[in-house]
Amino acid sequence: MNAFIQTPANLKNAIIKRTKNNQFTNVCAQISSPQPYINSKQIKEVREKYRIHEKDTGSSEYQIAALSVRIAYMTAHIKKNPKDFSSTRGLIAMVSARKKLLKYLRSQSKERFLNICVNLKIRIQKDLQ
């Protein structure tokens, strides 16, 4: 039998769950923010870090940084759900888009290319360095 009890306000209104063997667990501690919400916050933080000017939305660094966070999220999702072929296809498209942006950035400025690869920990081939 599960009983939900509201605790005093000094415990931040945490919900306590009583299990079968009379052990109490904090349900709020088990429930964290949903992963897509965390992912969107990470994307915003990275975009803020890599934008060149205040209204920057299209620079290569800005797009590469956002794609890198999305790729990391999708990689983790696909590891949990290996039969999700639609997401796998989307991941391949994102990796391809990032690869094209990196190729363009390398042709424009090798210094900026190496800087973003090092900061985002993107592996590059030795002949491209």
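Residues numbered from 1 in each chain as written. Predicted model: local features only at pLDDT ≥ 70, side-chain atom pairs only at ≥ 80, totals over all residues. Heavy atoms only, no water.

Trainee: So what's going on with the pattern of salt bridges? Which residues, and what values?
Mentor: For the coordinates displayed, the defined rule picks out 2 salt bridges. One salt bridge in this structure joins Glu 48 and Arg 51, with 3.3 Å as the shortest N-O distance. Residue class for Arg 51 comes out partly exposed when judged on its relative accessible area of 30%. A salt bridge links Arg 112 to Glu 61, with the shortest nitrogen-to-oxygen separation between them at 2.5 Å. With Arg 112 in helix H5 (residues 110-120) and Glu 61 in helix H3 (residues 60-80), this residue pair connects regions lying 51 residues apart in the sequence. (Salt bridge = Lys/Arg side-chain N within 4 Å of Asp/Glu carboxyl O. Buried < 20%, exposed > 50% of the residue type's maximum accessible area, 1.4 Å probe, protein only. Helix = DSSP H or I, 4+ residues; strand = E, 2+ residues; numbered from the N terminus.)

Trainee: How would you sum up the packing of aromatic side chains? Please name residues and give values.
Mentor: Within the structure shown, the criterion is met by 0 aromatic pairs. The ring of Phe 113 carries Arg 106 above its face, with NZ or CZ at 5.9 Å from the centroid. (Phe/Tyr/Trp six-rings, centres within 6.5 Å; stacked < 30°, edge-to-face > 60°. Lys NZ or Arg CZ within 6 Å of the ring centre and 35° of its normal.)

Trainee: Can you explain H5? Please cite residues and give values.
Mentor: Those residues of H5 that fall on the buried side of the exposure criterion are Phe 113, Ile 116 and Cys 117. The buried side chains of H5 occupy one side of the element, clustering within an arc of 100° when seen end-on. In H5, the exposed positions angled more than 90 degrees off the buried face are occupied by Glu 111 and Val 118. Next to the buried residues of H5 lie helix H2 (35-50), H3 and helix H4 (85-108). (Arc of directions from axis to C-beta. Contact = heavy atoms within 4.5 Å.)

Trainee: Residues and numbers for the layout of surface pockets, please.
Mentor: Looking at the largest pocket, its volume works out to about 490 Å³. If you trace the largest pocket, you find 17 residues lining it, with Arg 98, Lys 99, Leu 102, Ile 122 and Arg 123 closest to the centre. Listing elements by their share of the lining of the largest pocket, those giving two or more residues are H3, H4 and H5. Among the elements that take part in the lining of the largest pocket, H4 stands out by supplying 7 residues, more than any other. Broken down by class, the residue content of the lining of the largest pocket amounts to 8 nonpolar, 2 polar and 7 charged. (1 Å grid on protein atoms, 1.4 Å probe; cavity = no way out; pocket = protein on both sides within 12 Å on 5 of 7 lines; lining within 4 Å. Points joined across faces, edges and corners; volume = space filled by probe spheres on them. Nonpolar A, V, L, I, M, F, W, Y, C, P; charged D, E, K, R; others polar.)

Trainee: Which residues make up the environment of Asn 115, and what values go with them?
Mentor: Position of Asn 115 among the secondary structure elements: in helix H5. Taking the C-alpha atoms as reference, Asn 115 lies 9.7 Å from Glu 61; in sequence the two are 54 residues apart.

Any link to function would need more than the numbers given here.
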